[in-house]
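Listed here are the chains, written in short residue letters.
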2 protein chains.
Amino acid sequence: MDFGDDDAPLYRRLAQRLWDGIEQAAMAEGTRLPSVRTLAAQHGVSLTTALQALRWLETRGHIEARPRSGYFVAKRTRRGKRGVGAGSAAGTAEAGGARGAGAKRWARPAPEIDEQARDHLAIAGESGGVRLDLAAAESSLYPVDRFSVLLRRLAYQHRDLVGSHVRGAGYPALRAEIARQAMQYACELDPEELVVTNGCVEALNLALRAVARPGDIIAVESPTYFVLLQMLRALEMPVFPIPSRASSGMDLDALRQALDRGVPIKAVVTVANGNNPLGSVPDDAAKRALVELLRERDVPLIEDDIFGDLCFGETRPRPVRAFDDTHGNVLLCGGFSKSLCPGLRLGWIAAGRFAERVKALKYTTSMATAELQQAAVAELLATGGYALHLRRLKAALQTQQHALRDAVLRYFPDGTQITEPAGGFVLWAKLAEIEGRRPSTRQLFELARAEGISFAPGHLFGEGDVFDDCLRLNAGNRWTSELEAAVRRLGELAADVTSSEPPAVSTSSAMPGR
Amino acid sequence: MDFGDDDAPLYRRLAQRLWDGIEQAAMAEGTRLPSVRTLAAQHGVSLTTALQALRWLETRGHIEARPRSGYFVAKRTRRGKRGVGAGSAAGTAEAGGARGAGAKRWARPAPEIDEQARDHLAIAGESGGVRLDLAAAESSLYPVDRFSVLLRRLAYQHRDLVGSHVRGAGYPALRAEIARQAMQYACELDPEELVVTNGCVEALNLALRAVARPGDIIAVESPTYFVLLQMLRALEMPVFPIPSRASSGMDLDALRQALDRGVPIKAVVTVANGNNPLGSVPDDAAKRALVELLRERDVPLIEDDIFGDLCFGETRPRPVRAFDDTHGNVLLCGGFSKSLCPGLRLGWIAAGRFAERVKALKYTTSMATAELQQAAVAELLATGGYALHLRRLKAALQTQQHALRDAVLRYFPDGTQITEPAGGFVLWAKLAEIEGRRPSTRQLFELARAEGISFAPGHLFGEGDVFDDCLRLNAGNRWTSELEAAVRRLGELAADVTSSEPPAVSTSSAMPGR
C-alpha cells in the first residue's frame, strides 16, 4: 500500500504510518485500534487529523468502524471468500475461466463521488445507535394500522394495480385530493398541473431540471436542506447562497441585491414553511414580496413545502405558491413522507406553467409512480382522519422538540445557541467558540459516531465549512432517558472539539498539538 | 387568434383559415370538423399538412380529438368555469383579489418540450381504442391474485413498511433474490452493487448519469427504445447511432470503426436480449466480443435486460454483463414491469465499478424506493412459481406475436417486412415504397389515431426520420377479432400514406396534391 510521499497531507502520512504498524505487528482481523484521542496524543496530531487518517483507511476497506466500539482491522478474507455461485445453472460452460476468483472482482472505486454525499450515505447506512441525524419521526406516530387496512383492501379489490402498466402523471383520485387539501389553506392547485412523484426528492429534482440546465446558478437559502445541495452538485448547477434567518427565513434584501448586481440566478429554491434546518415560517407579507420580486425578474421559484402541514401555529401557513395566482411561476413540491406515511415514498409537484415540461421529465426519469400506495393515500385523505392525525403528530413533535431543546441547553457548553422552531422535526444548534477557537461539528460527528450517536453535522447544510460550528438534531423520536443520555454525552464531546486546522487543505508538515 | 403572417408554414396558414371558418360560422362547442381527408381535398393540401393544422389547433386547446370520432370544436367554457374554491377554508382573507378568475390562470406553455416526447405523451395519455402502442402485456397474463395475497399479508405483518423512513439501496431480501435469479443463468451479481429503482427507466437514467455528463456522446442501437432517446435528449447527451439487425443486434464492426475513427463515445447502451423494437438476441460470441471491445477501449456498457426473462428459447440468454467477470464495466439494468408485475414499478441496476456513484445519484434523484412492493416481489421470487409463470407468459406472447404477424402479412400492403422476434412483446414492421414514394408512419399514426387505433410510429425509434417508414406493434394483448379488425384497418390506411413533404420544414407555399 502506498499512501504517497512526504509531500502528502499529514493525515495521509499518518494513515501510512498506522497501516505500516498494523502490517508489521501482523495484527489479526478484528483487532481493535486505539481510540481517536489516544492516536492523536500518541502521534502529536489533532483529533481531526487522526480521524481523517482513520476514515481514509476505512474508505479503502483496511479498517472498519463499529458503532459504539471504535475502529477495527477489517476482515481481509471478505475479499476472497465468496463461492463460485452458478455452478448448477444453465450456461455454466460459458461461466468458467475468469470467474470464481472472489467477491469484489473489480477494484473498489476511488472516492470519486461528492464527499459530502458519501458522508451522509455513511450516516444513513449506519445501523443501530441513537439516531438524531435524519429528519424523521418514529413509526408509532403514523397511522400505520389504518394504512394496513387500506392496503389490504386495495390489494384485494383493485388487483389491476399490480397487473397494469402504469402511465400518466399520477392516480387521478390522489391528484384531486392533493388539490382539495391545498384549497383548505387557500392555495389553488389544478389537478392537471400535478405530477405524483417518488417522494418529494424526485419532485425537487424534476423541478430543477424543468427550469435550469447544468451550469445555471440556483439561489438557495443558507443554511438549507443538504440533500438539495447534493442534488444541485449532481446536476452541476452552481449554488448562490442567500442568508436565511431562524425568525423569518430567506433574506429578501440579499436576494434583491444579488439580482440587482446582475447575478444570473436562474431559479430560487425555498423551504419556506417549517424550514429545514431552521424551522422558520416567513409571514404572508414576506411570501408575497418574494413572489412579486421573482415575477418582476422572471425568475421561477421552487418551493419545498414538505413541512407545511407540520407547522405548529393555529392555522396552516399558506405556501408561497398561494400568493402567485396568475403567473404559474412557482413550482410547489410536497409529499407525505413527513406528515403521513414515510414508507410509501409519495411526493408531488404542482409545476404551474412548467407542468408540461415536468411531465415530460418525469416520463424519462422514472416513467410513472406506482399506484397502490397512491390509491391508499387518496382514500385516507378522502375518508377523513388526516386532520386529527396531524394534530396528534404536531403535538408530539412539539413536546419532543421542547425536551430535546431543554436537554441541549442543559448539557451543551455555555453559549450554545438553539432554534425554537415553528414546525417540523428538527432543531438547529450553534456551538460557541472555545477559547477563541471555532468548534467543528464535523469532528464532533466522528467522535459521536464512534460512540453510536449520530446527528447531521452543520457543514452539510452549506457550501464549504460555513456551518461547521452548527449541527442539526432530529426531534422525531419520543423522548426517552436513552435519548437524554445521548444528548448529555454529545454535550460533553462538544466541549472538546475545536477546529485547529482546515481538514481539506492540511498539507502543512507542522504538527500542531491539540 | 393570430397564427402568423403569409410567410408562416402552410399548415399554420391552413390552421388560421380553419379557425377563421369556425369563428365566422360561430360553430358550437362539440361541432364535428370534416375528416382529415376531406379537409386535405377541400384545401388542396396533403394529408400531413391537414393533420399538422389540426394538431396545431388541438395543442392550443381550440379543437379536440376524440378516439374513433375525429376532431371537434373544443369546449370554450372549460377555460372560464372553475369555481373560486377555498371559500370556507382558513386563510381566505388572503385569498381574495386576483383569484377566482378561472381555471387556466396562466398562459398555456409554448410547446417547448421535445416534440417526440410530446407525441408519445399524447399516445400514452389517450384513453380507449385499440392499443398497439405500448410494450405491455395485458393484466390477465400476470400473477395478480398471488400478489393480492402477498400484499395483503405484508400490509398486515410488516406495518413498518408504511411508518418507517426508507433508506438505502433497496430491500435486502429483494437484492438477494435478484442476485439468486441471475445465478440461474450464470450471471454473477453482488447484492452490494445492486440498487432497486422505480422501474427500469430510473435504472437507465441513473446509469447514464453515473458514466456520462451533459455533452458526452452515447452510442445506442438504431433503432432503439424511444424512451432512451428521449432520456438522452433530456440529459443533453448526444446520440451516436450504431446500426442494429433483427437477426443479431448491434453491428459490432460499425461500433469498432466509430471508436477507431476517434468518435469520443463515452458509453454504449444496448438492449441485447429481446431487443426493443427488433426482438433480437445476439449470440454469446457477439456478447463476449462487445465486452472485450469496450473493456479494451475503457468505455462502459449500459445493458437494458428488461426483456431477458421473456426470450423464447430453451435456455434464458445470458446478459452481456455475464461475460464481464472481472472489470465491473457493465451496468446491468433490469426490472419486473414486463415479466412479473407492471403496476409495482420495480427495476434494479447492478452497476459494477460504478455502484457507489449510482447509489449517490439514486439518493439525490428519488432518495429510496418504497419497500412494500419490494417485499412482495422478494417473497414471490423466494417462494417459487416465477419459472412457471414465465413459461405461461412466454407461450402466450409467442402465440400472440404469431397471430399479429400473420395479420400484418395478410392485411398490410405488399412488400411490408416484419420481424420474427426471439422474445419480448413487440413486432417491428417496415412499409414498402408506394409508387417510388416512401410511406410515413407518422402520418399513418395520425390517421389511425382518429379511428381509435394506436401504435408506436417508427420515427420515435431513431434520430430524424430515418425510421419513418417503420412501426412497432405490441403483441402483449390476447388475440381477438377486434384486434384483427384494427390491424386490417391499419393495413388499409397504410396503403394511403406517403411522405410527400417533410412535416417539420413545410414552409414552401407549393400545395402538392396527394
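The rules we used
- Residues numbered from 1 in each chain as written.
- Chains lettered and ligands numbered in written order.
- Predicted model: local features only at pLDDT ≥ 70, side-chain atom pairs only at ≥ 80, totals over all residues.
- Heavy atoms only, no water.
- Buried < 20%, exposed > 50% of the residue type's maximum accessible area, 1.4 Å probe, protein only.
- Helix = DSSP H or I, 4+ residues; strand = E, 2+ residues; numbered from the N terminus.
- Arc of directions from axis to C-beta.
- Contact = heavy atoms within 4.5 Å.
- Pairing = 2+ DSSP bridges.
- Axes fitted to C-alpha atoms, helices over the stretch in contact; angles between N-to-C directions.
- Phe/Tyr/Trp six-rings, centres within 6.5 Å; stacked < 30°, edge-to-face > 60°.
- Lys NZ or Arg CZ within 6 Å of the ring centre and 35° of its normal.
- Parallel < 35°, antiparallel > 145°, perpendicular 65-115°, else oblique.
- Nonpolar A, V, L, I, M, F, W, Y, C, P; charged D, E, K, R; others polar.
- pLDDT = per-residue confidence, 0-100.
- Salt bridge = Lys/Arg side-chain N within 4 Å of Asp/Glu carboxyl O.

Caption draft 1: Layout of helix α2 (residues 36–43) of chain A. Residues and elements named next belong to chain A. Every buried residue of α2 is accounted for by Val36, Leu39 and Ala40. The buried residues of α2 all sit within an arc of 100° when viewed along its axis, so they share a single face. Projecting away from the buried face of α2 at angles above 90 degrees are the exposed residues Ala41 and Gln42. Residues of α2 that are buried in the fold lie against α1 (10–24), α3 (47–59) and α16 (441–450). Taken from the residues just after α2, Gly44 is the one with a positive phi, measuring 60°.

Caption draft 2: Here's a closer look at helix α13 (residues 355–365) of chain B. Taking burial as the measure, the 11 residues of α13 of chain B include 9 buried ones, the bulk of the element. For α13 of chain B, every residue scored as buried is listed here: Ala355, Val358, Lys359, Ala360, Leu361, Lys362, Tyr363, Thr364 and Thr365 of chain B.

Caption draft 3: View of the sheet that holds strand β12 (residues 417–418) of chain B. Residues and elements named next belong to chain B. An order of β3-β14-β15-β13-β12 is seen for the 5 strands of this open sheet, with the pairing classed as mixed. Looking at strand neighbours, the two that pair on one side only are β3 (130–132) and β12, the edges of this open sheet. One ladder, built from 5 bridges, connects strand β13 (residues 426–430) with strand β15 (residues 470–474); its direction is antiparallel. Within β15, the position partnered with Lys430 by the bridge is Cys470. Relative to β3, helix α17 (residues 481–494) is tilted by about 70°, and along the sheet it contacts β3, β14 (453–457) and β15.

Caption draft 4: Expanded view of the environment of Tyr156 of chain A. In this fold, Tyr156 of chain A is placed in helix α6 (residues 144–157). Under the relative-accessibility criterion, Tyr156 of chain A is labelled partly exposed at 46%. The residues contacting Tyr156 of chain A, other than those within four sequence positions of it, are Ser148 and Arg152 of chain B.

Caption draft 5: Summary view of the packing of aromatic side chains. Considering all chains together, one arrives at 12 aromatic pairs over all chains under this definition. Both rings, one in Trp428 of chain A and one in Phe461 of chain A, keep their centres 5.0 Å apart while their planes meet at 70°; by these two values the pair is edge-to-face. Highlighted residues: Trp428 of chain A in strand β13 (residues 426–430) and Phe461 of chain A in the loop between β14 (453–457) and β15 (470–474), separated in sequence by 33 residues. Each of the two residues, Trp428 of chain A as well as Phe461 of chain A, counts as buried. Between Trp428 of chain B and Phe467 of chain B, the aromatic rings sit 5.8 Å apart at their centres with planes inclined by 75°, giving edge-to-face as the arrangement. With Trp428 of chain B in strand β13 and Phe467 of chain B in the loop between β14 and β15, this pair connects stretches of sequence that are 39 residues apart. By relative accessible area, which is 12% here, Phe467 of chain B ends up buried. By the ring-pair criterion, three or more aromatic residues cluster together here, those being Tyr225, Phe226, Trp428, Phe461 and Phe467 of chain A. The aromatic ring of Phe323 of chain B is capped on one face by Arg318 of chain B, whose charged end is 4.6 Å from the ring centroid.

Caption draft 6: Just the packing of helix α9 (residues 199–211) of chain A against α13 of chain B, in detail. Two numbers describe how α9 of chain A lies on α13 of chain B: the axes approach to 7 Å, and their chain directions differ by 90°. By the angle between their directions, the pair α9 of chain A and α13 of chain B is classed as roughly perpendicular. Here α9 of chain A contributes Val201, Glu202 and Asn205 of chain A to the contact with α13 of chain B, which in turn contributes Tyr363, Thr364 and Thr365 of chain B. Class assignment of the residues belonging to the contact of α9 of chain A with α13 of chain B gives a composition of 2 nonpolar, 3 polar and 1 charged.

Caption draft 7: Representation of the confidence of the model for chain A within the structure. Residues and elements named next belong to chain A. With 85% of its residues at a pLDDT of at least 70, chain A reaches an overall mean of 84. For residues 77–104, every residue scores under 50 in pLDDT, and the model assigns this stretch 47 contacts once sequence neighbours within four places are set aside. Every residue in residues 500–514 is under pLDDT 50, and counting partners more than four places away or in other chains gives 32 contacts.

Caption draft 8: View of the pattern of salt bridges. In the structure shown here, the tally under the stated rule is 50 salt bridges over all chains. As a salt-bridge pair, Arg213 of chain A and Glu236 of chain B come within 2.3 Å of each other at their nearest N and O atoms. With Arg213 of chain A in the loop between α9 and β5 (217–222) and Glu236 of chain B in the loop between α10 (226–234) and β6 (239–245), the pair connects residues from two separate chains. Owing to a relative accessible area of 29%, Glu236 of chain B belongs among the partly exposed residues under this scheme. For Glu356 of chain A, the salt bridge is made with Lys359 of chain A, and the minimal N-O distance between the two is 3.5 Å. Of this pair, Glu356 of chain A and Lys359 of chain A both sit in helix α13 (residues 355–365), 3 residues apart, which is roughly one turn of that helix. With a relative accessible area of 18%, Lys359 of chain A lands in the buried category. Among the charged side chains, a network of salt bridges with common partners joins Asp260, Glu296 and Arg297 of chain A.

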